[in-house]
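Summary of structural features
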Amino acid sequence: MTPRHFVFLAALAAAGAAQAADDALPEAATVLDHYIEVTGGKEAYAKHTSEIQSGTLDYSAQGVKAKITRYASEPDNYLASVEITGIGRVDTGVTNGIAWENSVVLGPRIKSGDEKALAMQEATFNGTLNWRKLFPKVETAGVEAVSGEECYKIVLTPKEGRTETMYFSRKSGLLVRSSTVAATQMGDVPVEMLYSKYIEANGVWFPSVITQKAAGQEFTITIEEVRVNVDIPVERFALPDEVRAILDKAK
C-alpha cells in the first residue's frame, strides 16, 4: 500500500467517523434541558411563582368559540376555566391533591386513575423546569419530521399514567408537537398537540397557538396574555360546592 493510498483510506475512515458522530442522537435529558434554556433558562423559570394565561378556544367545525383562563401557582394549585359562548362554563382543577371537573354539560365529578395522573402532571407548577420530577424515564426515539421540520422524538414515561411523546426542533430546540393516549370520561382518546408562535412573559417563552387533534376533531387555543407572579387568592382554587357534595356523599 502506497502512502497515498494510506492517506486516502485514512481520510475515508475519518469522514465516516465524523458522519457517525453527526448521526448520533443526543440524550433525551440533553434535549429537554436545552428546551428550558432556549425558552428562558432555569433562573427565569425559577423566578415564577404563579401564572395566569388567558385567551380563546376556536372549534371551527362545530362553530364553537370560548374564552379560556388558566390559573396556576406553587406547588400544584390549578384551575382551567372555559366559558363556551351560548352554553356555559366548564371548570377543571386540582385542589389539595383532588383532581376534579365541573361541567355545565356533564356535571361535577372526581377524576381517578390515569386521568387523575394526567391532571396532576398538568397541575405541577413549572413542570417544564421540573420534568425530572414528573418523568423518571426519558428516551430519544429517533428523528421525525413535523410540518417539514426535523425534530428529535422524545418518549417520556411518568411515575403514574400514560407515556407521552414530544417532538423538539433540531434547529431551534423548541417543542413543536406532542402526542399521547389520554384517559377521559369517554374512554381512551389519542391526542396530538401542535405548538407554535412562542411569546415571552417575564423572561420565559410560551407557545401561544396550540392546535389539538383528538378523536377526529380539531380545535385551536390562542393564548393572548400571560401574567406571572400575580397574587391569586387561594379561594380561586377551592373545590366547587357541586364537587364537594360528591366527596361528602362518599364519606
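Each remark here, short or long, concerns the structure printed above.
Residues numbered from 1 in each chain as written. Predicted model: local features only at pLDDT ≥ 70, side-chain atom pairs only at ≥ 80, totals over all residues. Heavy atoms only, no water.

Pairing geometry for strand 1 (residues 50-59) and strand 13 (residues 217-228), over eight bridges, is antiparallel. What sits directly across from T56, in strand 13, is T222. Judged from the six bridges that link them, strand 12 (residues 204-214) and strand 13 form a sheet pairing that is antiparallel. Among the inter-strand pairings, V209 is bridged to a residue of strand 13, identified as T222. Following strand 12, the chain reverses through two residues before pairing antiparallel with strand 13; A215 in that reversal takes a positive phi of roughly 50°. (Pairing = 2+ DSSP bridges. Helix = DSSP H or I, 4+ residues; strand = E, 2+ residues; numbered from the N terminus.)

What follows covers the packing of aromatic side chains. This structure, assessed with the given rule, holds two aromatic pairs. The ring centre of Y167 lies 4.6 Å from the NZ or CZ of R177, which sits over that ring. (Phe/Tyr/Trp six-rings, centres within 6.5 Å; stacked < 30°, edge-to-face > 60°. Lys NZ or Arg CZ within 6 Å of the ring centre and 35° of its normal.)

Okay, the pairing of strand 9 (residues 164-169) next. In terms of burial, strand 9 is a largely internal element, six of the six residues being buried. Burial along strand 9 is two-sided: E164, M166 and F168 facing one way and T165, Y167 and S169 facing the other are all buried. In terms of strand pairing, strand 8 (residues 149-157) meets strand 9 through six bridges, oriented antiparallel. Paired with K153 across the strands is Y167, a residue of strand 9. In this antiparallel pair of consecutive strands, strand 8 and strand 9, the connection spans six residues, and G161 shows a positive phi of 100°. (Buried < 20%, exposed > 50% of the residue type's maximum accessible area, 1.4 Å probe, protein only.)

A contiguous nonpolar surface patch, about 380 Å² in accessible area, is contributed by I87, V104, V105 and L106. Positionally, L106 belongs in the loop between strand 5 (98-103) and strand 6 (107-110). With relative accessibility at 52%, the residue L106 sits in the exposed group. (Patch = residues over 30% accessible without salt bridge, like charges linked within 9 Å, V, L, I, M, F, W, Y side chains within 5 Å. Areas by Shrake-Rupley, 256 points an atom, 1.4 Å probe, with all protein chains shown as cover. Salt bridge = Lys/Arg side-chain N within 4 Å of Asp/Glu carboxyl O.)

This part covers unusual backbone geometry. Cis rather than trans, the peptide bond between E74 and P75 has omega equal to -10°. Here the phi dihedral of N126 falls at roughly 55°; this positive angle occurs in a residue that is not glycine. Note that N126 resides in the loop between helix 4 (113-123) and helix 5 (131-134). At N202, a residue that is not glycine, the phi angle is positive and equals roughly 50°. Turning to its location among the elements, N202 is positioned in the loop between strand 11 (187-201) and strand 12. In this structure N202 comes out as partly exposed when scored by relative accessible area, which is 44%.

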